[in-house]
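Observations on the three-dimensional arrangement
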Amino acid sequence: MTKENQKPSHHDVMPSVANFLSNLWFEGQFREQPEHLSEIFEALLETEMGDNHDLRAKMLNCIKTSKMLVKALEPFSDKQIEKACKSLTA
């Protein structure tokens, strides 16, 4: 059976999420990403390409996901996030 067909456990998923957050933390300024995405998408919407309804829906979903991530991590400092990620991936 391939890995995709196996049911993941909490112990399989959480280290992957921790790695993602850790990599995101190293990129820096993830807390400002919703505003950055909004700025980029607003500029795109002024172009002919931005008139595409499917593209608009994708843009709004990206902003929503980014805002949800920032909100979920908002109570924690960067150091706390880094420490938690390290403990899950160690």
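Residues numbered from 1 in each chain as written. Predicted model: local features only at pLDDT ≥ 70, side-chain atom pairs only at ≥ 80, totals over all residues. Heavy atoms only, no water.

1. Observations regarding the overall build of the protein
Across its full length, the protein carries 4 helices and 0 strands. Reading the protein from its N end, one meets helices and strands in the order α-α-α-α. Per-residue burial for the protein yields a buried fraction of 19% across its 90 residues. A sequence separation of at least 24 residues applies to 73% of the contacts in the protein between residues at least 6 apart. Looking at the protein as shown, the accessible area adds up to about 7,400 Å², and 57% of this sits on carbon and sulfur atoms. (Helix = DSSP H or I, 4+ residues; strand = E, 2+ residues; numbered from the N terminus. Buried < 20%, exposed > 50% of the residue type's maximum accessible area, 1.4 Å probe, protein only. Contact = heavy atoms within 4.5 Å. Areas by Shrake-Rupley, 256 points an atom, 1.4 Å probe, with all protein chains shown as cover.)

2. Comments concerning the nonpolar core
Listed in full, the 7 residues of the largest apolar core are A18, L21, L24, F30, L73, I81 and C85. Those elements that provide at least two residues to this core are α1 (10–27) and α4 (78–89). Not counting the four nearest positions on each side in its chain, L24 is found in contact with F30, Q33 and L69. (Core = buried A, V, L, I, M, F, W, Y, C linked by side-chain atoms within 4.5 Å.)

3. Some words on the pattern of salt bridges
For the structure shown, the criterion picks out 2 salt bridges. For R31, the salt bridge identified is with D78, shortest N-O distance 3.0 Å. Pair noted here: R31 is in the loop between α1 and α2 (33–45) and D78 is in helix α4, with a separation of 47 residues, a long-range link. For the salt bridge of D51 with R56, the shortest nitrogen-to-oxygen distance reads 4.0 Å. (Salt bridge = Lys/Arg side-chain N within 4 Å of Asp/Glu carboxyl O.)

4. Remarks on α4
Between its terminal C-alpha atoms α4 stretches 17 Å, which fits the 16 Å expected from 12 residues at 1.5 Å a residue. Buried within α4 are the following residues: I81, E82 and C85. The arc that holds every buried residue of α4, seen down its axis, measures 100 degrees, which confines them to one face. Within α4, the exposed residues directed more than 90 degrees away from the buried face are K79, K83 and S87. (Expected span 1.5 Å × (residues − 1). Arc of directions from axis to C-beta.)

5. Some words on the environment of H36
Residue placement: H36 occurs in helix α2. Under the relative-accessibility criterion, H36 is labelled partly exposed at 37%. Counting along the chain gives 27 residues from H36 to I63, while the straight-line C-alpha distance between them is 9.2 Å.

6. Some details on helix α3 (residues 53–73)
Taking 1.5 Å as the rise per residue, α3 with 21 residues should run 30 Å; its terminal C-alpha atoms sit 31 Å apart, in good agreement. Every buried residue belonging to α3 is among M59, I63, S66, V70 and L73, and all of these are buried. Taken down its axis, α3 places every buried residue within 105 degrees of arc, on the same side. Seen from the open side of α3, the exposed residues pointing more than 90 degrees away from its buried face are H53, D54, K58, L60, K64 and K71.

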